[in-house]
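# Commentary on secondary and tertiary structure
Next come the chains, spelled out residue by residue.
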Amino acid sequence: GGDGRGYGVLVGLQPKLGSRELHNSEYTFGRSSECDFTFAGPEISNKHCTLRVENNSKGEVRKVVVEDHSSNGTYIDGEKIGKGGNVAFVLFSF
């Protein structure tokens with residue numbers, strides 16, 4: 001909303017990665033310095049994956065999509081997405 005808070009927080013599994021509040025509609029992850037989140041290592045592609053949010057007509061976040069662009073695979077809860085594939089998380093409020 002307009003209160004300055006993000007729509008979510010990305011938390012690293014390792015303490016050294018920290019956490020980051022999410023505000024933008026899209027983030028890129030990979031080795032390239034052009035990515036929003038950069039990681040070193042041969043298993044990380046230059047542009048590894050993208051996290052994208054989709055809003056409803058009121059501007060509220062309703063879906064988060066992770067798209068795999070990597071050669072080695074992007075994993076969500078231990079499951080490989082596969083290059084060119086994506087996983088969507090639909091958000092509900094009551």
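Residues numbered from 1 in each chain as written. Predicted model: local features only at pLDDT ≥ 70, side-chain atom pairs only at ≥ 80, totals over all residues. Heavy atoms only, no water.

### Here we look at the overall build of the protein chain
For the record, the criterion: Helix numbering and strand numbering both begin at the N terminus, where a helix is a DSSP run of H or I of at least 4 residues and a strand a DSSP run of E of at least 2. The buried label goes to any residue with under 20% of its type's maximum accessible area, the exposed label to any with over 50%, and the partly exposed label to all in between, with areas taken from a 1.4 Å probe on protein chains only. Note on definitions: a residue-residue contact is assigned when non-hydrogen atoms from the two residues lie within 4.5 Å. Every accessible area reported is derived by Shrake-Rupley at a probe size of 1.4 Å, with residue values counting cover from the shown protein chains alone. Charge counting treats Lys and Arg as positive and Asp and Glu as negative, with His and both chain ends excluded. Here the site of a charge means atom NZ of a Lys, CZ of an Arg, CG of an Asp or CD of a Glu.
Scanning the protein chain from terminus to terminus reveals zero helices and nine strands. The dimensions of the protein chain, computed from C-alpha atoms along their principal axes, are 40 × 25 × 25 Å. In the protein chain, which comprises 94 residues, the share counted as buried stands at 28%. Contacts in the protein chain between residues far apart in sequence, at least 24 positions, make up 20% of those at least 6 positions apart. When the accessible surface of the protein chain is summed, it comes to about 6600 Å², and 49% of that surface belongs to carbon and sulfur atoms. Charge centroids of the protein chain, computed over 11 positive and 12 negative side chains, lie 1 Å from each other.

### A look at the layout of surface pockets
Quick note on the threshold: Grid points spaced at 1 Å over the protein atoms alone were grouped into cavities, where a 1.4 Å probe fits but cannot get out, and pockets, open sets with protein on both sides within 12 Å along at least five of seven lines, with lining residues defined by an atom within 4 Å of a point. Grid points are joined across faces, edges and corners, and a volume is the space filled by probe spheres set on the points. Amino acid classes used here: Ala, Val, Leu, Ile, Met, Phe, Trp, Tyr, Cys and Pro are nonpolar; Asp, Glu, Lys and Arg are charged; the rest, including Gly, are polar.
Taken as a whole, the largest pocket spans an internal volume of roughly 1000 Å³. Around the largest pocket sit 30 residues that line it, and Leu 10, Val 11, Gly 12, Phe 29 and Phe 39 are the ones nearest its centre. The set of elements that each furnish at least two residues to the lining of the largest pocket consists of β1 (8-11), β2 (19-22), β3 (26-30), β4 (37-38), β5 (49-55), β6 (61-68) and β7 (75-76). It is β1 that contributes the most residues to the lining of the largest pocket, four residues altogether. Split into classes, the residues belonging to the lining of the largest pocket amount to 18 nonpolar, 10 polar and two charged.

### Brief notes about the pattern of salt bridges
Rules: Whenever Lys or Arg places a side-chain nitrogen within 4 Å of a carboxyl oxygen from Asp or Glu, that contact is recorded as a salt bridge.
Scanning the model with the defined rule gives three salt bridges in all. In this structure, Glu 54 and Arg 52 form a salt bridge, with 3.4 Å as the shortest nitrogen-oxygen distance. Since its relative accessible area comes to 25%, Arg 52 is described here as partly exposed. Ionic pairing is found between Arg 52 and Glu 67, a salt bridge with its closest N-O pair at 3.7 Å. Here the residue Arg 52 occupies a position in strand β5, and Glu 67 occupies one in strand β6, the gap between them amounting to 15 residues. In this structure Glu 67 comes out as partly exposed when scored by relative accessible area, which is 22%.

### So, the environment of Leu 13
Relative to the helices and strands, Leu 13 resides in the loop between β1 and β2. Its relative accessible area of 86% is what places Leu 13 among the exposed residues.

### Topic: the packing of aromatic side chains
Each aromatic ring pair is specified by the distance between its two centres and by the angle formed by the two planes. Using the following cut-off: Any two of the Phe, Tyr and Trp rings considered here, Trp counted by its six-membered ring, make a pair once their centres fall within 6.5 Å; the pair's planes then place it as stacked at under 30 degrees, edge-to-face at over 60, or tilted in between. Cation placement over rings: the criterion is NZ of Lys or CZ of Arg within 6 Å of the ring centroid and within 35° of the ring normal.
Evaluation of the coordinates by the stated rule reveals two aromatic pairs. Note on Phe 29 and Phe 37: the rings are 4.7 Å apart at their centroids and 10 degrees apart in plane angle, and the pair reads as stacked. Relative accessible area serves as the criterion here: at 11%, Phe 29 is assigned to the buried category. On the basis of relative accessible area, Phe 37 is assigned to the buried category, the value being 12%. Between Arg 20 and the ring centre of Phe 37, over which it is positioned, the NZ or CZ distance is 4.3 Å.

Any functional reading would require information beyond the geometric quantities listed.
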